[in-house]
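Notes for the structure review
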Amino acid sequence: MTIEKKPFGQTKDGKNVEQYTLSDKGIVVEIITLGAIIRSIKVPVGGKIRDVALGFDTVEGYETNKGYHGAVIGRISNRVANAEYTLNGKHYKLEANDGNNSLHGGFTGLDKQVWTAKEEPDALVLTLTDKEGTAAGYPGDLEVTVKYTLSDGELGLEYFAKCSEDTPINLTNHCYFNLEGHGAGDISGHKIQIFANEITPIDETLIPTGKLMEVAGTAFDLREPTLVAPGLESSDEQIKLGGGYDHNWVLSSLPHRELAPAAVALCSDLSMTCATTKPGVQFYSGNMMQGESGKENSVYSKRTGFCLETQFFPNSVNTPEFPAPILEKGDTYTHKTTYLFKEV
């Protein structure tokens, strides 16, 4: 793997943002230090180069759009009900940025901050200190590291964190994929396979009910490669509540597992296998995309990208039955997710 560095621009408050380009055996991945964002993933397909990650051409594009494109999300990814939780007997109030709920770390999550990058022989390492008080409701200073690797068609993300106090934590990456190309339009012609027998069903505010639901016989049975379109058109009440797929699939009942495949996405000539050590994966079918102006004059309309967000279950900080997302002072948070690309 080789790494090249160049300036990408400045944030609205004057902080410099750099772009690092990782290259290995024909695959090229661009990562910027704002939000540790994956800006592009360029894969050789049929003798041509195809960019399969949605993104923007400028820092301003990332700052003005609210879709979390390609960013590392935290401290708590996904939703926290009523933007509150209790830890060690103390009540914490988060920023409510999704109705009454908190979403993806609030208004100043890890995705809004500029990280520090360091090149290593086999990895790009990004670090950030998320100070207590940067976003309301998170105790202690959190030291976060994300290591990006690229080898033999596989993009790897390895996460590490330590905190000066006990804290909830649920890190993920929010890359939007379109295996036909980032500007190729609707993703409903993709096939998706998710290696899970259950989901965590949601209520009308997209918060899990706390129960588990068997996927058998429903639009959520993706245990074999399944065309996305029929599920999106389903009359299933859960599809209606989510506006499409925006649900967590249960990979494990334990907080951590061995690295193993979670999902496979396929188009006519390319597959992407997502593997993770996390107990859940959120399949989001881009239901809330609103016609953002993306890279190379592309328009990212509704369902022109999908996400596979590896995670603890949403609202697990308030649901004792779910695997606990608590990092204790002195402990180290770790998890790994990989995306493997292959021509088919």
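Here's what I pulled together on the structure shown here. Sequence order as written defines residue numbering, which begins from 1 separately in each chain. Totals for whole chains, interfaces and linings use every residue, but because this is a predicted model, local features are given only for residues with pLDDT of at least 70 and side-chain atom pairs only at 80 or more, for both listing and counting. The side-chain figures draw on all heavy atoms in the structure; neither hydrogens nor water molecules are used.

1. Some thoughts on the nonpolar core
In a soluble, globular protein the nonpolar side chains are often hidden away together inside. Grouped together as the largest cluster of nonpolar side chains are 65 residues, with contacts concentrated most on I41, Y148, Y245, W249 and F283. Two residues qualify as a contact provided that any one of their heavy atoms is within 4.5 Å of a heavy atom in the partner residue. Not counting chain neighbours up to four residues away, the residues in contact with Y245 comprise A219, F220, L222, V228, G231, L232, I239, F283, Y284, S285 and N287. Counting 12 residues, the second largest nonpolar core, distinct from the first, contains V17, I37, Y68 and I73. Note on terminology: a nonpolar core comprises buried Ala, Val, Leu, Ile, Met, Phe, Trp, Tyr and Cys residues joined through side-chain atoms within 4.5 Å. Categorising residues by exposure relies on relative accessible area from a 1.4 Å probe, with only protein chains included: less than 20% of the type maximum marks a residue as buried, more than 50% marks it as exposed, and the intermediate range marks it as partly exposed.

2. Things to note about the sheet that holds strand β17 (residues 191-194)
One open sheet accounts for 9 strands, arranged β11-β12-β13-β14-β29-β23-β22-β17-β20; its pairing is antiparallel. Pairing within the sheet leaves two strands with one partner each, and these edge strands are β11 (116-120) and β20 (226-227). For two strands to pair, DSSP has to find at least two bridges joining them. Here a strand is any run of E in DSSP of at least two residues, a helix any run of H or I of at least four, and the numbering for each starts at the N terminus. The sheet contact formed by β17 and strand β22 (residues 260-266) spans 4 bridges and is antiparallel. The residue of β22 that forms the bridge with K191 is L266.

3. Points about the side chain of D246
By the secondary structure assignment, D246 is in strand β21 (residues 246-250). When its relative accessible area of 6% is taken as the criterion, D246 is described as buried. Polar contacts involving the side chain of D246 include one to the side chain of Q282, which spans 2.9 Å. Each residue touching D246, except ones within four places of it in the same chain, is listed here: R79, I202, L206, Q282, F283, Y284, N287 and M288. Throughout this description, a polar contact denotes any pair of N or O atoms lying within 3.5 Å of each other; where both atoms belong to protein, one of them has to be capable of donating a hydrogen while the other can accept it, and for residues adjacent in sequence the pair is counted only when both atoms sit in side chains.

4. Describing the environment of K15
Turning to its location among the elements, K15 is positioned in the loop between β1 (2-10) and β2 (16-24). On the basis of relative accessibility, which here comes to 46%, the residue K15 falls in the partly exposed class. The contact partners of K15, leaving out residues within four places of it in the chain, are G9, Q10 and V114.

5. Topic: the pattern of salt bridges
Oppositely charged side chains can form a pair if their charged atoms are brought close together. In what follows, salt bridge is the name for a side-chain nitrogen of Lys or Arg lying within 4 Å of a carboxyl oxygen of Asp or Glu. For the structure on display, the rule yields 13 salt bridges. Across the pair D130 and R75 runs a salt bridge, and its minimum N-O distance is 2.8 Å. Pair noted here: D130 is in strand β12 (residues 123-130) and R75 is in the loop between β6 (72-73) and β7 (79-80), with a separation of 55 residues, a long-range link. R75 carries the same exposure label as D130, and that label is buried. Measuring nitrogen to oxygen at the nearest pair gives 3.7 Å for the salt bridge that ties D141 to K131. Placement of the pair is D141 in the loop between β12 and β13 (142-151) and K131 in the loop between β12 and β13, with a sequence separation of 10 residues. Exposure remark for D141: the relative accessible area of 26% places this residue in the partly exposed category. In this structure K131 comes out as partly exposed when scored by relative accessible area, which is 48%.

6. What to know about the pairing of β13
Burial along β13 is one-sided: the face carrying L142, V144, V146, Y148 and L150 is buried and the face carrying E143, T145, K147, T149 and S151 is not. Of the strand pairs in this sheet, β12 and β13 are connected by 7 bridges, and their pairing is antiparallel. Along β13, the bridge assignment pairs V125 with K147. Where β13 lies against strand β14 (residues 154-163), 10 bridges are found, and the strand directions are antiparallel. Note that in β14 the partner of T149 across the bridge is G156. Adjacent in sequence and paired antiparallel, β13 and β14 are bridged by 2 residues, among which D152 carries a positive phi angle near 50 degrees.

7. Brief notes about unusual backbone geometry
Between G74 and the following residue, R75, the backbone shows a cis peptide bond with an omega angle of 10 degrees. Residue L206 is not a glycine yet carries a positive backbone phi of 70 degrees. Here L206 lies in the loop between β18 (198-200) and β19 (213-214).

8. A look at the sheet that holds strand β27 (residues 307-311)
Judged by pairing direction, the sheet is antiparallel, and its 5 strands sit side by side in the order β19-β18-β21-β24-β27 without closing on themselves. Every interior strand has two partners, whereas the edge strands, β19 and β27, have only one. Across 3 bridges, β18 lies against β21 in antiparallel orientation. Residue pairing for β21: I199 is matched across the bridge by W249.

9. Looking at the side chain of Q193
Looking at the secondary structure, you find Q193 in strand β17. A polar contact of 2.9 Å, which involves the side chain of Q193, links it to the backbone oxygen of R223. Not counting residues up to four positions away in its chain, the partners in contact with Q193 are L222, R223, E224, P225, A262, A263 and V264.

Function-wise, these values are silent; they only describe arrangement.
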